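Letter by letter, the chains look like this.
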Amino acid sequence: MEFQGITGNFTGANAEALAVAVFKGEKAGSGLLGELNKLTGGALAAVLKSEDFKGEKGETALLRFAPKGKVKARSLMLVGVGNKADYTHADVGVAAGAATRYLRTRNNKSFAFLPRYDGDVVIAAQNAAQGFVTSQFELDKYKTKDKKDKSVNKLVLCIDGATASDLKNGLNRGQVVGESMNFTRDLANEPPNILTPTEMANRAQSMAKEAGLKCEVLDEAKMEKLGMGSLLSVSRGSTQPAKLIVLRYTPAKNTGKKGELLALVGKGITFDTGGISLKPGDGMDAMKYDMSGGATVLGTMRAIALLKPTVPVLGIVAAVENMPDGNASRPSDVVMASNGKTIEILNTDAEGRLILADSVAYAEKQGATSIVDMATLTGAVIIALGDQNTGIMGNDQELVDRIVALGKECGEGFWQLPVSKEYSKQIKSDIADIKNIGPRGKAGTIMGAVFIQEFIDKAKWAHLDIAGTAWCDTVKPHHAKGPTAVAVRTLLTLVERSQ
Ligand code: BES
Ligand code: MN
Ligand code: ZN
């Protein structure tokens, strides 16, 4: 993959096509679009006047440049970006992605892109490159035929008046972010016979080695010693042993507040059958993505390691398979977690919270002062928020507000649900300290959160329920269907803004 930045006139850009962002209702006029109009011999103005292209978000059109003009590219692609007043840097990424996917199907290998974004150049370039990289991810890894093997190899980004170093820096950052998101998506897409907990730990280890992170994998014997009875209760029914993946990023120079440590903790259920509380067969295949929270942690840690912010970050992934078996946990079993709390397991399908309990407690023991956990935790969050917003809950309003705001900036929606003592009361057990489910049909997403909260001691904590947002069922102009790597961008930004 090749990236180039052009700070002056776009006409010399060495690419097969030129893609330009066009705002809603725009006409050719006298500026850039006027210049392009001349180069197309008037075709651009005609298209903009017609009903063929209105500049709506995601709209596309392809024109030809007049032969023997001064522009190197052969074709001009229009990418609608909607109202100018609402144009964000996240939209730059969407537009770059939409252009990439469109040109790819026409077998273009390169294009120059004019995002026409007035804000920060580095951020615009980062989003353009990230959109370029993530738009080309496909689900065809295991196809031996009919692979989508066409790809666009080169992006030339044109931002008038930018400095070459800003462009280069932004493009490089965007490539890292995009590749890290694709790393997350590849994991989420892996079939569960291939991505076992052991394999997930192996992938984490080789990623850590490449990116320069410390990686430690705790096996079941070690977890037993640490008293992680809650996590281990979930892997009992599987022949695949559980792994607790611990990644450490330590900056050369720490400019953060003294003693502060952020931990990212992810649910890595490589397959969720429900266990003895077996799920219905219909749609169970979707549960290969139940390790998406863990995959997000790994992708975010990869980006952090390569972009080197000046604050430390701890990454923890509980990789476990939830299977029914003679040895599996039963509804009504009681186990003890590593913080000494006893849990009555009333539904073995509420397993995500059981593995996160010991994981967040471990993060805090390792010195975490802020913890963000992420998990495909509840079907209820899909009913509440669909695939547009991730459910967010937490014990620290400032941390929650920050994630919501950064999400908006990055083009990722987060919507807060309440957690309060009244809800916590509903998971009190008759025979143990707590039970792993609340009252049937009531506030299922919140019940998952208040359960995890029982294992947070002093840390600031936010919980992201990504069950609805980690997978997208439909193809979009800038995005294949399938895993989304949701929250990677927001969490990376959270880390970078705390430097
Ligand atoms: N992994 C599922 C959550 C899920 C369900 C994600 C459907 C996507 C689609 C989780 O482990 C689970 O099974 N949750 C149960 C909790 C219930 C038993 C309290 C659920 O949501 O039904
Ligand atoms: Mn489950
Ligand atoms: Zn699950």
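Cut-offs applied
- Once a new chain begins, its residue numbering starts again from 1 and follows that chain's sequence as written.
- As they are written, the chains are lettered A onward and the ligands numbered 1 onward, keeping that order.
- In view of the model being predicted, local features appear only for residues whose pLDDT reaches at least 70, and side-chain atom pairs are presented and counted only at 80 or more, with totals across whole chains, interfaces and linings using the full set of residues.
- To obtain the side-chain values, all non-hydrogen atoms of the structure were used and water was disregarded.
- Only centres within 6.5 Å qualify two rings of Phe, Tyr or Trp (six-membered ring in Trp) as a pair; their planes then separate them into stacked at under 30 degrees, edge-to-face at over 60, and tilted for everything else.
- Only DSSP runs of H or I with at least four residues qualify as helices, and only runs of E with at least two residues qualify as strands; both kinds are numbered from the N terminus onward.
- Each residue gets one of three labels from its accessible area relative to the maximum for its type: buried under 20%, exposed over 50%, partly exposed in between, using a 1.4 Å probe on protein chains only.
- All axes are obtained by fitting lines to C-alpha atoms, using only the stretch in contact for helices, and the reported angles, taken between N-to-C directions, cover 0 to 180 degrees.
- To sort the angles, those under 35 degrees are grouped as roughly parallel, those over 145 as roughly antiparallel, those from 65 to 115 as roughly perpendicular, and the leftovers as oblique.
- By convention, the crossing between two helices is left-handed when the near helix turns anticlockwise from the far helix through less than a right angle, and right-handed when the turn is clockwise.
- Contact criterion: two residues are considered in contact whenever any of their non-hydrogen atoms come within 4.5 Å of each other.
- For this scheme, ten residues count as nonpolar: Ala, Val, Leu, Ile, Met, Phe, Trp, Tyr, Cys and Pro. Four count as charged, namely Asp, Glu, Lys and Arg, and the remainder, Gly too, count as polar.
- Where each domain starts and ends follows an automatic or database-derived domain assignment.
- Summed over both partners, the accessible area (1.4 Å probe) lost when two parts come together is defined as the buried area.
- We define a salt bridge as a side-chain nitrogen of Lys or Arg found within 4 Å of a carboxyl oxygen belonging to Asp or Glu.

**Q** Describe the packing of aromatic side chains, with residues and values.
**A** Across all of its chains, the model carries seven aromatic pairs by this definition. Their ring planes at 80 degrees and their centres at 5.3 Å tell us that Phe23 and Tyr87 sit as a pair that is edge-to-face. Remark: Tyr87 occurs in the loop between strand S4 (75–80) and helix H3 (89–105) and Phe23 occurs in the loop between strand S2 (17–22) and helix H1 (32–39); sequence separation between them is 64 residues. Look at Tyr87 and you get buried, because its relative accessible area is 10%. Here the aromatic rings of Phe451 and Phe455 are separated by 5.4 Å at their centres, their planes lie at 45 degrees, and the arrangement is tilted. The exposure class assigned to Phe455 is buried, which follows from its relative accessible area of 2%. Aromatic ring contacts, followed pair by pair, group Phe3, Phe111, Phe113 and Phe132 into a single cluster.

**Q** Lay out the packing of helix H10 (residues 352–365) against helix H14 (residues 444–453) with the relevant residues and their values.
**A** Remark: H10 packs on H14, axes separated minimally by 9 Å, with the N-to-C direction vectors making an angle of 30 degrees. With respect to their mutual orientation, H10 and H14 come out roughly parallel. For the element pair H10 and H14, the recorded crossing hand is right-handed. Between H10 and H14, the contacting residues are Arg353, Leu354, Leu356, Ala357 and Val360 on the first element and Gly444, Met447, Gly448, Phe451 and Ile452 on the second. When grouped by side-chain class, the residues that make up the contact of H10 with H14 number seven nonpolar, two polar and one charged.

**Q** Can you tell me about the domain arrangement of the protein, naming the residues and giving the values?
**A** For the protein, the domain assignment lists domain 1 (2–181) and domain 2 (190–496). Computed from C-alpha coordinates alone, the two centres of domain 1 and domain 2 are separated by 36 Å. Taken together, the contacts link 20 residues of domain 1 with 27 residues of domain 2. Of the roughly 1,800 Å² buried between domain 1 and domain 2 on both sides combined, carbon and sulfur atoms contribute 62%. Viewed at the interface, domain 2 and domain 1 are joined by two salt bridges. Between Arg173 and Glu496 there is a salt bridge, and its shortest N-O distance comes to 2.7 Å.

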